[in-house]
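# What the coordinates show
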Amino acid sequence: MKNEKLDQLYRSVIMDHYKTPRNKGVLDEGNVTIDMNNPTCGDVIHLTLQVEDDIVKDAKFEGEGCSISMASASMMTQLVKGKNTEDALHAAHAFSDMMLGKDVDDTVDFGDIEALTGVAKFPARIKCATLPWKAMEKGIAHDSE
Amino acid sequence: MLNPDIRNDFPILDQEVNGFPLVYLDSAATSQKPRQVIEVLEHYYNYDNANVHRGVHTLGNRATEDYEGARETVRKFLNASSDKEIIFTRGTTTALNLVADSYGRANISEGDEIIITYMEHHSNIIPWQQLAKATGAVLKYINLEEDGTVSLEKVSDAMTDRTKIVSIMYVSNVLGTVNPIKEITEIAHAHDAIMVVDAAQAAPHIALDVQDLDCDFLAFSGHKLCGPTGIGALYGKKALLEAMEPTEFGGEMIDFVGLYDSTWKELPWKFEGGTPIIAGAIGMAAAIDYIQAIGLDAIEQHEHELVAYAMEQMKSVEGLEIYGPRDAGKRAGIITFNLEGVHPHDLATVLDMNGIAVRAGHHCCQPLMKWLDVSATARASFYLYNTKEDADRLVEGLRMAKEYFQ
Ligand SMILES: Cc1ncc(COP(=O)(O)O)c(C=O)c1O
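Our subject in this report is the structure included herewith. (Residues numbered from 1 in each chain as written. Chains lettered and ligands numbered in written order. Predicted model: local features only at pLDDT ≥ 70, side-chain atom pairs only at ≥ 80, totals over all residues. Heavy atoms only, no water.)

### Observations concerning the overall build of chain B
A tally of helices and strands in chain B yields 13 helices and 17 strands. For 406 residues, the compact-globule estimate of 2.2 N^0.38 gives 22 Å, and the C-alpha radius of gyration of chain B, at 22 Å, lies within 12% of that figure. When the backbone C-alpha atoms are referred to their principal axes, chain B occupies close to 70 × 55 × 35 Å. Within chain B, the fraction of its 406 residues that count as buried is 58%. (Helix = DSSP H or I, 4+ residues; strand = E, 2+ residues; numbered from the N terminus. Rg over C-alpha atoms; globule rule 2.2 N^0.38 Å. Buried < 20%, exposed > 50% of the residue type's maximum accessible area, 1.4 Å probe, protein only.)

### Comments concerning the site of the ligand
Residue and element names in this part refer to chain B. Around the ligand, the surrounding shell consists of Thr92, Thr93, His121, Ser123, Met169, Asn173, Asp198, Ala200, Gln201, Ser221, His223 and Lys224. Contact between the ligand and Asp198: a nitrogen atom at 2.6 Å from a side-chain N or O atom of the residue. At a separation of 2.7 Å, an oxygen atom of the ligand approaches a polar side-chain atom of Lys224. For the ligand, whose unbound accessible area comes to 390 Å², protein coverage reaches 84%. Its residues assigned to classes, the shell around the ligand shows two nonpolar, eight polar and two charged. (Near = heavy atom within 4 Å. Polar contact = N/O pair within 3.5 Å; in protein donor to acceptor, adjacent residues only side chain to side chain. Areas by Shrake-Rupley, 256 points an atom, 1.4 Å probe, with all protein chains shown as cover. Nonpolar A, V, L, I, M, F, W, Y, C, P; charged D, E, K, R; others polar.)

### What to know about the interface of chain B and chain A
One frequently used descriptor of interface size is the decrease in accessible area upon assembly of the parts. With 21 residues of chain B at the interface, the matching set in chain A holds 24 residues. If you sort the residues of chain B by the area they bury against chain A, His345, Met353 and Tyr404 of chain B come out on top, with a joint share of 31%. Between chain B and chain A we count 12 residue pairs in polar contact (both at pLDDT 80 or more) in total. Listing elements by their share of the side of chain B that touches chain A, those giving two or more residues are α11 (344–352) and α13 (388–404) of chain B. Top element by residues in the side of chain B that touches chain A is α13 of chain B. It accounts for five residues. Looking at the side of chain B that touches chain A, its residues break down into seven nonpolar, 10 polar and four charged. (Contact = heavy atoms within 4.5 Å. Buried area = accessible area lost by both parts, 1.4 Å probe.)

### Regarding the pattern of salt bridges
All names here are of chain B. By the definition in use, this model includes 22 salt bridges over all chains. Linking Asp9 and Arg35 is a salt bridge whose minimum nitrogen-to-oxygen distance equals 3.0 Å. Here Asp9, found in the segment before β1 (16–17), pairs with Arg35, found in helix α1 (residues 35–48); they are 26 residues apart in sequence, far enough to count as distant. Looking at Asp9, the relative accessible area reads 13%, which means it is buried. Judged by relative accessible area, which is 35%, Arg35 ranks as partly exposed. A cluster of three or more residues bridged by salt bridges with shared partners is formed by Glu68, Arg71 and Glu272. (Salt bridge = Lys/Arg side-chain N within 4 Å of Asp/Glu carboxyl O.)

### Here's the deal with the nonpolar core
In this structure, Ile68 and Trp133 of chain A together with Met314 and Phe337 of chain B are the most contacted members of the largest nonpolar core, which totals 81 residues. Listed in part, the 79 residues of the second largest apolar core include Val166, Val210, Phe220 and Tyr323 of chain B. (Core = buried A, V, L, I, M, F, W, Y, C linked by side-chain atoms within 4.5 Å.)

### Quick notes on helix α2 (residues 12–19) of chain A
Listing the buried residues of α2 of chain A in full gives Ile14, Met15, His17 and Tyr18 of chain A. Each buried residue of α2 of chain A lies within a common arc of 165° when the element is viewed along its axis, so the set occupies one face. Buried positions along α2 of chain A lie against α1 (4–9) and α3 (67–80) of chain A together with α13 of chain B. (Arc of directions from axis to C-beta.)

### Topic: the packing of α1 of chain B against helix α9 (residues 278–294) of chain B
If you want to describe how two helices pack, look at the angle between their axes and the distance between the axes. All names here are of chain B. Close contact between α1 and α9 brings their axes to 9 Å; oriented N to C, the two are set at 150°. You can see that α1 and α9 cross each other, and the crossing is right-handed. Along its contact with α1, which presents Gln36, Val37, Val40, Leu41, Tyr44 and Tyr45, the element α9 presents Ile278, Ala279, Ile282, Gly283, Ala286, Ala287 and Tyr290. Its residues assigned to classes, the contact of α1 with α9 shows 11 nonpolar, two polar and no charged. (Axes fitted to C-alpha atoms, helices over the stretch in contact; angles between N-to-C directions. Left-handed = near helix turned anticlockwise from the far one by under 90°.)

### Some words on the environment of Leu13 of chain B
The topology assignment puts Leu13 of chain B in the segment before β1. Along the primary structure Leu13 of chain B and Ala357 of chain B are separated by 344 residues, whereas in three dimensions their C-alpha atoms are 11 Å apart.

### Re the sheet that holds strand β1 (residues 32–38) of chain A
Residue and element names in this part refer to chain A. Pairing is antiparallel in the open sheet, where three strands are placed in the order β1-β2-β3. In this open sheet, the two edge strands, each paired with only one partner strand, are β1 and β3 (55–64). Neighbouring strand axes in the sheet, compared pairwise and without regard to direction, differ in orientation by 20° on average. (Pairing = 2+ DSSP bridges.)

### Examining the packing of α1 of chain B against helix α2 (residues 58–78) of chain B
Residue and element names in this part refer to chain B. At a minimum axis distance of 10 Å, the contact between α1 and α2 shows a crossing angle of 155°. On the basis of their axis angle, the class for α1 and α2 is roughly antiparallel. From α1, Tyr44, Tyr47 and Asp48 reach across to α2, where they touch Leu59, Arg62, Ala63 and Asp66. Class assignment for the residues of the contact of α1 with α2 results in four nonpolar, no polar and three charged. (Parallel < 35°, antiparallel > 145°, perpendicular 65-115°, else oblique.)

### Here we look at the sheet that holds strand β14 (residues 334–339) of chain B
All names here are of chain B. Strand order in this open sheet of four strands is β13-β14-β17-β16, and the pairing throughout is antiparallel. If you trace the sheet from one side to the other, it starts and ends with β13 (320–323) and β16 (359–361), each paired once. For this sheet, the mean inter-axis angle between neighbouring strands, taken without regard to orientation, is 30°. Summarising the sheet, β16 and strand β17 (residues 377–381) pair through three bridges and their orientation is antiparallel. When the bridges of β17 are listed, Gly361 appears paired with Thr377. Here helix α10 (residues 296–314) sits on the sheet and contacts β13 and β14; the angle it forms with β14, its principal contact strand, is near 15°.

### Some remarks on unusual backbone geometry
A negative phi holds for most residues other than glycine; trans holds for most peptide bonds. All names here are of chain B. Geometrically, the link from Leu267 to Pro268 is a cis peptide bond, its omega value of -5° lying close to zero. Inspection of the secondary structure puts Pro268 in the loop between β12 (262–264) and α9. Despite not being glycine, Cys226 has its phi angle at roughly 80°, a positive value. When you line up the elements, Cys226 lands in the loop between β9 (217–221) and β10 (232–236). Judged by its relative accessible area of 0%, Cys226 is buried. Phi is positive for His363, close to 55°, though the residue is something other than glycine. As for its position among the elements, His363 is in the loop between β16 and α12 (366–372).

Interpretation note: all reported values are geometric properties and have no functional meaning in isolation.
Dropping the structure here:
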C-alpha cells in the first residue's frame, strides 16, 4: 500500500531518527534541564543541555511521543551541538517559520532537518515537530538570563 | 443492526476526505448531526428567532414555547418528575461545575470526602479538585479492576461517615465500560452521600431514567447525541436544587432587584442567568426526538454488534492491544487501543490519510492513562450511522500503519 502524502510526511530520514534516535539520554554534566509537554496530546520531552561560555557543548533528550516529535528532538540535538547560543536560538526561530510554511532563512543550514518540511502540510502535527525546539529555546533563553 | 439508510440523514458523511469516502469514528468526541436537527435549527432562525421570557410579541412567544418545550423533551428523555429539575447548561462540563460550585461550596467542609474513580474525564475531576482545595475536603479515587471496571466492593470500602459526594461517569469515554450507577447510588445513599452522574457518554447510547437510578444530579451534552454544540443539561433533584444558590448572576434569573440585594426566580430559571442558549436547546430537543424515534435500545444493540464485530476483526492485526473489558457486551460503542511500534498520533495520521477519523491522545483522562501505563492511545468510537464496512476500513488502515512503521 502506498500513500503519497504519507510518504511526504514520513520520509526515510525521519523514520531513521525515530527508530534510532541520536543523543538519547540524560547528560551527566548538563547544566540546563527543561521539561516540556504538549498538554493536548500528552507528548513530553526532557532535555538536558551543557552550555558553557555561550556554547552548547552537548545535548541529550528523553521523551515520550510520536515519530515526528521524537525524530525532531533527535535532529534538533544534532544541530544544536557545538553552536553558540545565539545561533541556536536563531535556528529555532527559522525552524518554527519552516513549520508554518513561511520562507525559511537560508543562512541556517538545516541539512537533513529539511525532511521535516512535509509536516507543514499536516497542521495537526506541527506542534509535535516544534515541541523539542521550543524546549531548547526555553532552556537557552533561561540560561542566559 | 440498524438500517444503513440512516446514513442518508447525515449529509456530512457523504464526502471524500483525503481522496477516500469518510469513515467517521470519533463520535465520542462529538457526534454528527442529522438533517432533521439542522432543519429545526434553520427553521428556528428563519421564522421564530426572538428572546425568551421577555417579549409579549408573537415571535417572543414562539421562541419561549419552543425553549420550554425543549425542557419538557429533556425531562421525558431522563424521566425526571418535573421540568423544574432540568437546567440548560453549556454542556456536561458546565453542569458538573455548577454542582461543585453551588451544592459543593454550601455543603462541604474541611475533612469531608468526595469520591471519584481513576477513569473519570477531566470534567469530572477538576471541579472536585477545586472544591477540595477551596474547602479542605479530601478527594478520594477508587481504583479500577484489572479489566477497567469499577467494583461495588471498592466503592463500599471507600465510603466513610465523612463521604458527602460520589461522582462517577456512567460510560467511560476511553474504556467504553458501563458502570453500575444504580448500585453505586444505593451505596452512596446508605452513607448519606449524594450521587452525581457524568452521563456525557451514556446519554447518546443508553436509555436513562433518573428516577430509577435515584441519582441526585446527572449531566450530559447535546453535541454527543446528534445535537448542536454549546448546549447540555443538568438534572437535579428538586429539593436539592431549591436549596442551592445560583452560580451566575444577572438578567433573567432574578425576581426583584434592589440596589444592594436581590431575589431569584424560581427553578429552573434561577440557574439560567442571561439570554439562554435558545437555538441550542431547541436543536438538542430535535436531536433527542431523532434518536428516540430510532430507539435508544436499538442504538445500543447496533453499537454492541458493531463493537463485537470490530473487536473480532481487530484481533487479526498483530501487535494490537485493546484496553478495557474484553467482553463486547460490557462496553458502549468505544474501542481504545494501541498498535505496537506506532505512536497513536502517527496511527491517527495514517488513518486520516485514508479518510478515517479517529481520536488520538489522552482523551481528557490523564489519570486513567497513568493507570493504563501509557502516554496516549487511539480511540475508535462508533455511533448509529456506522457500519461493519467502517470497521473493515479501520482494520485495513491499521494494517497499512503497521506496514509503514515496520
Ligand atoms: C465522560 C465525559 N465527561 C465529560 C465530557 C465533557 O463534555 P463537554 O465537553 O460537552 O462539556 C466528555 C466529553 O468528552 C466525556 O466524554
